[in-house]
Amino acid sequence: MLSIKRNFFAYLDGLTIITILLPYSYHQGEANKFLLKKDGSFVSLSIEAKEKFADFVKYICKAPSKLEIGEFYEIVDEYKGMTDLQIGAVIRTKEFDDLFYYDGSLGVAYSLEKCDFSLWAPTAQRVKLILQNPLKPVDERIEIDMERGDKGVWKTTVNKKLENYYYSYLALVNLEWRESVDPYAVAVNANGLTGAIVDLNKTKIIKPPLPPLPHTVDSIVYETHIRDFTIHANSGVKNKGKYVGVSELNTKTASGELTGLSYVKDLGVTHIEFLPVHDFEEVDELAEQKKYNWGYNPTHYNVPDGSYSLHPNNPYTRIHELKSMIQSVQKEGLRVILDVVYNHVYKKEESPFEKIVPGYFFRYDKFGIPSNGTGVGNDIASERLMVRKYIVDSVRFWLEQYQIDGLRFDLMGILDIVTMKEIQKLCNKYDSNFLIIGEGWNLPTTIPEKERAIIKNQKQLPGIAQFNDQFRDKIKGSTFQLNHIGFALGGNEQKVEELLSGSIGLLQANQGLFTEPNQTVNYVESHDNHTLWDKIEICFPFEKEEIKQKKHRLATTLVLLSQGIPFLHSGQEFFRTKKGVENSYQSPDEINQLDWDRMIFYKQNVQFIKNVIQLRKDNGAFRLQSSADIRAHIRIKRIDSSFIEYQLIHVKKYGQWETIIVYINASANSAKISIPNGEWSYLMDNMNVYSNNHPSVKEQIKLQPFSVVIIAHK
């Protein structure tokens, strides 16, 4: 390694722009002349600007011609002092992007006879491939010099069978050698210390046929976490907390109640969304029970996390187990959504992105400070061409190899609109109703607001659904003001009618949160923040248990009967509690586990939610496909602060009923309501939901506190 000792500093900030920083300790920071040296030749730099700062003097200089990225240059001052020219802000310029965008394949191309390695590292002066036979000592590593090609891509071919070999890259940038796992690695060893070479042809699975899903509004999403799902002592699952545990069928509690995958199938949802399964930090994969994490600390985006594997040090096992888990879910007629975290990495400095192409993959402000819209110290720069390519390539990998049915984008508002549209275009080639949902929060990142994939810009993202935080906060109460209560809990919230009708501006044309109903994900609870039950417990500490259950049930019922895409947090149907813990991303299993004993205790409520799910599935009027249909068929009005009448008219083509009327009572008092003349049938009468043998009703109905009654006629 070259010794790095710098008396002053020089950075390439444009292809002809060089910024030089002279500390006051070095000739008082004063210089009148700088030369650019390469291969023994010198070229004079013109000083374009000079500015004094607290610790140094800054000189902006210009070279007479464009410099070659990846070449070694030195800067010489008038005192014959010398420093190397480091890669600076040039790496974040459009000219750099245009010069080095590469549209070919990267990573490892495996075959029995040879392996081709390709790494994008345009700022590197040298790159080496490191190979390690796992059956031999570490000191017998093989180093192979790679050759620089077009667009800053380094390549080499090894003509031997390398299956199961470990590999990494050494890149020399700014006189510093850094070793890194391949960003395009598809397999790693335990804890992701090095990449592993595998033959993906050996891991192929056949995707089973799935029930029809005519439109994305026909989706009902159930969110869970691999470990939470089965870790409970009474889950009846043999391989608790593991990929293979999710795959186990007909698992039961000690008393014979269904659990796990079979339970979710029986519940009637269409999609299971799993919190991140790509390789993440902060859980030791060889001692996974010692620490818990949700998985939002991504490291290797194309690798299954080893903490959910029975054999985390076996790269093939990790892949096989996750692929088999996805296939098992699909065989039960359920679609699989994976939660992906392309907005940040765990630690920028330790990321393969930063080690190989420092300064490129992340956003910085005008002062060179890393952007922190994510709140974890870094924002991935999705707008840069090779970052966008990486994200799209990664999505393609999960589509082709793991054959998923949907993606949930964590902090999608960090990503840019163009990238999300490219992802959507790719996904729609595989499945026209591939479900893309994301958190469209407007976060303080450095790209202009108009370019962000946020709710405000939803018109530019048709077909991409976004978590509707207005629905969440107006139905249950503010997530961030804990004592604030929403409509379903007895609060006097306005514009609830709009939320129930898809947030498309039914009552105020062109003023909706969304343009179409398939853009809204309606929810009142997710893995984040307090569970709905815990919020109710905090807001109403002296309330009767029965009333707390009614409030919870009403909020969940409104999620399922509103236009758009309903989203349930696993265990919501049995009043899931995390014992008051708001942010349980590192809490132990006793806080996060899906409590199957609680499911048994609240079995009546589980059955009710199951029946409401079936009611939604049986009646297409509750899942209208367009804003035009909603405007044509929905009439909704607020009777008073706590009472709403929600009519679905002329809807015979969506089911067996011509008219459906939903009466919603969000008060602590019972109510008697006169209904229109004619022959009406109950679809729901407080806790009773009817799929057939509908009781008839005339003249008047009675609503219990915090309840829903639905009537219909043919």
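Above: the structure in question.
These lines cover the structure that appears in this document, whether it is placed above or below. (Residues numbered from 1 in each chain as written. Predicted model: local features only at pLDDT ≥ 70, side-chain atom pairs only at ≥ 80, totals over all residues. Heavy atoms only, no water.)

Considering the overall build of the chain
Within the chain, the regular secondary structure consists of 16 helices and 35 strands. A compact globule built from 714 residues should have a C-alpha radius of gyration of about 27 Å, and the chain, at 29 Å, falls within 12% of that. With the principal axes as the frame, the chain shows a C-alpha extent of 100 × 55 × 45 Å. When burial is assessed residue by residue, the chain has 62% of its 714 residues classed as buried. The contacts in the chain between residues at least 6 apart in sequence include a share of 69% that link residues at least 24 apart. (Helix = DSSP H or I, 4+ residues; strand = E, 2+ residues; numbered from the N terminus. Rg over C-alpha atoms; globule rule 2.2 N^0.38 Å. Buried < 20%, exposed > 50% of the residue type's maximum accessible area, 1.4 Å probe, protein only. Contact = heavy atoms within 4.5 Å.)

Comments concerning the packing of helix 12 (residues 545–561) against helix 15 (residues 603–618)
Running from N to C, helix 12 and helix 15 point in directions that differ by 20 degrees, and their axes come no closer than 9 Å. In terms of orientation, helix 12 and helix 15 fall into the roughly parallel class. Judged by the twist between their axes, the crossing of helix 12 over helix 15 is right-handed. Across from Arg 553, Thr 556, Thr 557, Leu 560 and Leu 561 in helix 12, the residues of helix 15 making contact are Asn 605, Phe 608, Ile 609, Val 612, Ile 613, Leu 615 and Arg 616. Grouping the amino acids of the contact of helix 12 with helix 15 by side-chain chemistry returns seven nonpolar, three polar and two charged. (Axes fitted to C-alpha atoms, helices over the stretch in contact; angles between N-to-C directions. Parallel < 35°, antiparallel > 145°, perpendicular 65-115°, else oblique. Left-handed = near helix turned anticlockwise from the far one by under 90°. Nonpolar A, V, L, I, M, F, W, Y, C, P; charged D, E, K, R; others polar.)

Quick look at helix 4 (residues 260–267)
For helix 4, the buried fraction is high: six of the eight residues fall into the buried class. Backbone geometry just downstream of helix 4 places Gly 268 in the positive-phi region, at approximately 105 degrees.

Some remarks on the nonpolar core
Of all hydrophobic cores here, the largest spans 181 residues; its most connected members are Phe 117, Trp 120 and Ile 660. Of the residues forming this core, the biggest block, ten residues, is contributed by helix 7 (residues 385–402). Counting 16 residues, the second-largest nonpolar core is a separate cluster that includes Val 221, Ile 455, Ala 465 and Tyr 523. (Core = buried A, V, L, I, M, F, W, Y, C linked by side-chain atoms within 4.5 Å.)

Points about the pattern of salt bridges
In this structure the tally under the stated criterion is 38 salt bridges. Where Glu 285 meets Arg 318, a salt bridge forms, and the shortest distance between an N and an O atom there is 3.0 Å. Taken together, the positions of Glu 285 in the loop between strand 19 (278–280) and strand 20 (298–304) and Arg 318 in helix 5 (residues 315–331) put the pair 33 residues apart, joining distant regions of the chain. With its nearest N and O atoms 3.0 Å apart, the salt bridge here joins Arg 408 to Asp 339. Within this pair, whereas Arg 408 is found in strand 22 (residues 406–409), its partner Asp 339 is found in strand 21 (residues 335–340), the two being separated by 69 residues in sequence. Side by side, Arg 408 and Asp 339 carry an identical accessibility label, which is buried. Taken together, the shared-partner salt bridges connect Asp 339, Arg 408, Asp 410 and Glu 439 into one network. (Salt bridge = Lys/Arg side-chain N within 4 Å of Asp/Glu carboxyl O.)

Notes on the sheet that holds strand 7 (residues 82–87)
The strand order around the closed barrel formed by seven strands is 1-2-5-4-3-6-7, and the pairing between neighbours is mixed. Neighbour-to-neighbour, the strand axes of this sheet turn through a mean angle of 35 degrees, independent of strand direction. Where strand 3 (residues 34–38) meets strand 4 (residues 41–52), five bridges bridge the pair, whose relative direction is antiparallel. Paired with Lys 37 across the strands is Phe 42, a residue of strand 4. (Pairing = 2+ DSSP bridges.)

Concerning the pairing of strand 18 (residues 271–274)
Here strand 18 shows no split at all, with His 271 and Glu 273 on one side and Ile 272 and Phe 274 on the other all buried. Summarising the sheet, strand 17 (residues 221–224) and strand 18 pair through four bridges and their orientation is parallel. Note on strand 18: the bridge partner recorded for Thr 224 is Phe 274. The sheet contact formed by strand 18 and strand 21 spans four bridges and is parallel. Note on strand 21: the bridge partner recorded for Glu 273 is Ile 337.

Points about helix 5
Along its 17 residues, helix 5 runs 25 Å from first to last C-alpha, staying within 8% of the 24 Å computed at 1.5 Å per residue. Of all 17 residues in helix 5, 14 are buried; the element is thus mostly enclosed. A side-chain oxygen of the first residue of helix 5 lies 3.0 Å from the backbone nitrogen of Tyr 316; this N-cap is Asn 314. Looking one or two residues past helix 5, Gly 333 carries a phi angle of roughly 85 degrees, positive in sign. (Expected span 1.5 Å × (residues − 1). Polar contact = N/O pair within 3.5 Å; in protein donor to acceptor, adjacent residues only side chain to side chain.)

Here's the deal with the sheet that holds strand 13 (residues 153–158)
Spatial ordering of the open sheet is given by 8-9-13-12, a layout of four strands whose pairing is antiparallel. Sheet topology places strand 8 (107–110) and strand 12 (147–148) at the edges, where each strand pairs with a single neighbour. Relative to strand 13, strand 12 is paired through two bridges, and the arrangement is antiparallel. Directly across from Arg 148, in strand 13, lies its bridge partner Trp 154.

A look at the environment of Thr 251
For Thr 251, the location among the structural elements is in the loop between helix 3 (243–247) and helix 4. Look at Thr 251 and you get buried, because its relative accessible area is 5%. In sequence terms Thr 251 and Thr 230 are 21 residues apart; their C-alpha atoms lie 9.8 Å from each other. Of note is the side chain of Thr 251, whose polar atom sits 2.7 Å from the side chain of Thr 259.

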